[in-house]
Amino acid sequence: MIVVQIVMMAIVGSILILLIKPYQPTIAFVLILLTSSLLFYYMLIPIQEMIQLLRSLTARFDFDFIYLDTIFQMVGIAYVSELGAHLTRDIGLESIAYKIELVGKLFILFISIPILMTVIETILYFIPNF
Amino acid sequence: MYNDASIIFQIAGIGIIVAMIHTILKQMGKEEYAQFITLVGFIIVLMMVVDRIAELFQHIRSVFLLQG
């Protein structure tokens, strides 16, 4: 059970952060950074397996779904911006966290523009007057 | 590299030792040396962590196909 190990590691990290925080707040912040990155790393392992499964499925059935990579990139941008927002929120910088989330949303919108253009072209194709 | 969590204990140990040295130097009246020790401890800890963070971001980029 890897879940138990991850939860125990998070609890031990929290206790150590709580111990150091009154004496050395900066080193406590570095410890927060390290614990968060370890937890996000363990979150990355099942996501990687799922993405590889989906890619192998589309490759096997010769399924012409060229926008799957774009969807994965969107998930990746959401993941990275969530990581940054959580880290900055942990040290009490709420405004920077909101701005990181804003940048993430904007870049997801920017990446999804080709899909939107394809949808619009398909709709225009079915309208005979254009 | 990520399958051991011992770096958490290492950094916590460095933090405790730096806090001890800081307190002792402050009691001796050497305020500027105490600040310097804090700075050096922070830099050492940051050097240990930066590699891990870089590895995490490299892994994220390889998983989510963000090679741009």
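Residues numbered from 1 in each chain as written. Chains lettered and ligands numbered in written order. Predicted model: local features only at pLDDT ≥ 70, side-chain atom pairs only at ≥ 80, totals over all residues. Heavy atoms only, no water.

Focus: helix α2 (residues 31-63) of chain B
Part 1 of the reasoning: Taking 1.5 Å per residue as the helical rise, α2 of chain B with its 33 residues ought to reach 48 Å, and the 48 Å between its terminal C-alpha atoms agrees with that figure.
Part 2 of the reasoning: Approximately 25° is the largest bend angle found in α2 of chain B, and it occurs at V49 of chain B.
Part 3 of the reasoning: If you follow the buried residues of α2 of chain B, they end up packed against α2 (25-60) and α3 (68-90) of chain A together with α1 (6-27) of chain B.
Part 4 of the reasoning: Of the residues flanking the end of α2 of chain B, it is L65 of chain B, one or two places downstream, whose phi is positive at about 60°. (Helix = DSSP H or I, 4+ residues; strand = E, 2+ residues; numbered from the N terminus. Expected span 1.5 Å × (residues − 1). Bend = angle between axes of the 7 residues up to and from the residue. Contact = heavy atoms within 4.5 Å.)

Structural notes on the UniProt feature "transmembrane region" (unreviewed entry) in chain A
All names here are of chain A.
Part 1 of the reasoning: UniProt records the feature "transmembrane region" (unreviewed entry) for residues 6-23, 28-45 and 106-127 in the present numbering.
Part 2 of the reasoning: Secondary structure content for residues 6-23 is 83% helix and 0% strand, while the C-alpha to C-alpha distance between its ends is 27 Å.
Part 3 of the reasoning: Taken end to end, residues 28-45 has its terminal C-alpha atoms 26 Å apart, with 100% of it in helix and 0% in strand. (UniProt positions renumbered as here; feature names shortened; annotations may be inferred.)

Quick notes on the interface of chain A and chain B
Part 1 of the reasoning: Contacts between the two partners involve 34 residues from chain A, matched on the other side by 29 residues from chain B.
Part 2 of the reasoning: Carbon and sulfur atoms make up 86% of the surface buried where chain A meets chain B, a total of about 2900 Å² over both sides.
Part 3 of the reasoning: Joining chain A to chain B, the criterion identifies zero salt bridges.
Part 4 of the reasoning: The interface formed by chain A and chain B contains zero residue pairs in polar contact (both at pLDDT 80 or more).
Part 5 of the reasoning: Residue assignment for the side of chain A that touches chain B shows that the elements contributing at least two residues are α1 (2-20), α2 and α3 of chain A. (Buried area = accessible area lost by both parts, 1.4 Å probe. Salt bridge = Lys/Arg side-chain N within 4 Å of Asp/Glu carboxyl O. Polar contact = N/O pair within 3.5 Å; in protein donor to acceptor, adjacent residues only side chain to side chain.)

Thoughts on the confidence of the model for chain B
Part 1 of the reasoning: Per-residue confidence for chain B averages 87 on the pLDDT scale, and 94% of its residues sit at or above 70.
Part 2 of the reasoning: Interface confidence in the predicted complex, given as ipTM, is 0.84; pTM for the same model is 0.81. (pLDDT = per-residue confidence, 0-100.)

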